[in-house]
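Commentary on secondary and tertiary structure
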Amino acid sequence: MLPRLGDQSWQWPINPEDYDTRALVPDTEREAVAELGVVNLRRLRRHDPIAPGWSVIGRLLRPLDAVNAALDSPPTTHRRRAMDDAVAVIVLRCARVGRSYWGWTAKEWAEVIGADQPGFRHSAPAWADDAVRPYLSAQAYLLGGFNEFHRLGSFGRLTLAWRVFGRDRVDAEIGRIREVLAEWGYRLGRDDDQLLPMVVCQVFLLNRSPRLEDLSTELFERIRREKPLHEHPLDHDPGQVRQQAANTVQSRHLGSTTNAASRNLGLSQYQASDGTPIVSRAASPRLGSEPPRPPEWRPVTRARPPPTAARPPYLP
C-alpha cells in the first residue's frame, strides 16, 4: 500500500473566468505595445512603470503575471529576468498576429516555444536567452492547456512539473511510488533511478494534476493509444523508452490509496519490441510472484555460446 501523505490538494492556479479572454487584439492594444517598446515590455531597470500603455494592455499582462507568481521557481535575478522576458515574448507576438494567447492553438504555442532549443533561438528575439523557453512552456501549459510535449523535443519535463505543481509535492508523490517499488526490489525504487521521475512527471502533466489518486485507467488507455510521451518525430528512441515505461503503469494497483499505479514500473530484464533495453529488476528474496507482463514487452533472450568440444582424457 502506498504511504499516505498530508493534505496534498492542488488547484489550477488560473481561472479564465477571472480575466478578459477575448481572442482579438484591437488596434489600440497593438499600438500601446508598439509605444511601450521592448525596454518597457521586458521591464528592465530603465523602464517607465507609469507609461500610459500599461493600462491599455493590462488585460494581457495580468494572466501572464499571475502564472509567473504561481510558479515554484528559484527566486533568483536570472530567473526573474527569464520570467519577465517570457511575458514580453508573448505580448509582442499577440500584437504582431493580432490575436491574444487565449485563442492560440497548440501549433501556435509550439511555434513560440520552438521545436527544440536551436529552433527557439532562431524564432525568438535575440534578447530572449535559453532560460526563457521553460517559462514559455509553463505559460502555454497553464494558460493555453498546452500538453503536446512531443512537439518540443527534449526539454525539462520534470522541471516543468516542479514549477507548475511544486517541487516538494511532485517529489513526495514520486517518493511514495519509490517506497513501494523498493520494498518489492525493483530498481525503479532506487534513489539514483532517473526513468521513474521522468515518466511520472509527464503523466502528471498530461493529467493536469500532481496527485496519484487522480490517475485513472482512462488516462493510461489514452497514453497507450495516442503515445503522447514520444519525443519529436525525428527523435523516437528516448520517447519510446518513456512510452513503454508508461504503458506499464496501469496494469496493477500499488495499493488502495491510488486508482492507477502499476506494479510493472520495474520489469525484470525486459526490452521493447525493437530490442531497446528498458529496465531491469534487482534480485530480491522478498519478491513474490512476478508481475504480469504487458503484451508489448518480451523478455531479453541472450544467445548461449556454442558448446566446446570435449577434451580427450589425459594420456601419460
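Quick look at the structure, then. No experiment lies behind these values; they were computed from the predicted model shown.

Right, let's talk about the packing of helix 5 (residues 106-113) against helix 7 (residues 132-144) for a bit. One way to put it is that helix 5 packs onto helix 7 with a least axis distance of 9 Å and a crossing angle of 165°. Classified by the angle their axes make, helix 5 and helix 7 are roughly antiparallel. Crossing of helix 5 against helix 7: the hand is right-handed. For the pair helix 5 and helix 7, the contacting residues are Trp109, Val112 and Ile113 in the first and Arg133, Leu136, Ser137, Gln139, Ala140 and Gly144 in the second. Looking at the contact of helix 5 with helix 7, its residues break down into five nonpolar, three polar and one charged.

Since one α-helical turn is 3.6 residues long, residues separated by three or four positions face the same way. With 13 residues, helix 3 (residues 58-70) ought to run about 18 Å at 1.5 Å a step, and its terminal C-alpha atoms sit 18 Å apart, in line with that. All of the buried residues in helix 3 are Gly58, Arg59, Leu60, Leu61, Pro63, Leu64, Val67 and Asn68. Residues of helix 3 that are buried make contact with helix 1 (27-41), helix 2 (53-56), helix 4 (77-97) and helix 7.

Tallying each qualifying case throughout the model produces 17 salt bridges. With a closest N to O distance of 3.8 Å, aspartate 20 and arginine 59 form a salt bridge. Remark: arginine 59 occurs in helix 3 and aspartate 20 occurs in the segment before helix 1; sequence separation between them is 39 residues. Taking relative accessible area as the criterion, aspartate 20 reaches 27% and is therefore assigned partly exposed. With its nearest N and O atoms 2.9 Å apart, the salt bridge here joins arginine 121 to aspartate 130. Note on aspartate 130: relative accessible area 34%, which makes it partly exposed. Ionic contacts of the salt-bridge type, sharing partners, join the residues Asp20, Arg22, Glu29 and Arg59 into one network.

Attention now goes to unusual backbone geometry. Here arginine 43, not a glycine, exhibits a phi torsion of approximately 55°, which is positive. Inspection of the secondary structure puts arginine 43 in the loop between helix 1 and helix 2. For arginine 43, a relative accessible area of 22% corresponds to the partly exposed category. Of note in the backbone geometry, arginine 208 takes a positive phi value of approximately 60° without being a glycine. Locating arginine 208 in the fold gives a position in the loop between helix 10 (195-207) and helix 11 (217-226). The exposure class assigned to arginine 208 is partly exposed, which follows from its relative accessible area of 36%.

Rules used in this analysis
Note on numbering: residues in each chain are counted from 1, in written sequence order. For this predicted model, a pLDDT threshold of at least 70 governs which residues receive local features, and a threshold of 80 or more governs which side-chain atom pairs are given and counted, while totals over whole chains, interfaces and linings are taken from all residues. Water and hydrogen atoms play no part in the side-chain values, which are based on all heavy atoms of the structure. Comment: axis = line fitted to C-alpha atoms, over the contacting stretch for helices; angle = value between 0 and 180 degrees taken between N-to-C directions. The helix count covers DSSP runs of H or I at least four residues long, the strand count covers runs of E at least two residues long, and both are numbered beginning at the N terminus. Throughout, the term roughly parallel applies to angles under 35 degrees, roughly antiparallel to angles over 145, roughly perpendicular to angles from 65 to 115, and oblique to all others. Note on convention: the crossing is left-handed when the near helix lies turned anticlockwise from the far helix by less than a right angle, right-handed when the turn is clockwise. In what follows, a contact means two residues having at least one pair of non-hydrogen atoms within 4.5 Å. Gly falls in the polar group here, along with every residue not listed as nonpolar (Ala, Val, Leu, Ile, Met, Phe, Trp, Tyr, Cys, Pro) or charged (Asp, Glu, Lys, Arg). Residue count minus one, scaled by 1.5 Å, sets the expected span of a helix. The classification of residues rests on relative accessible area computed with a 1.4 Å probe and restricted to protein chains. Under 20% of the type maximum is buried, over 50% is exposed, and intermediate values are partly exposed. Salt bridge, as applied in this entry: a Lys or Arg side-chain nitrogen positioned within 4 Å of an Asp or Glu carboxyl oxygen.

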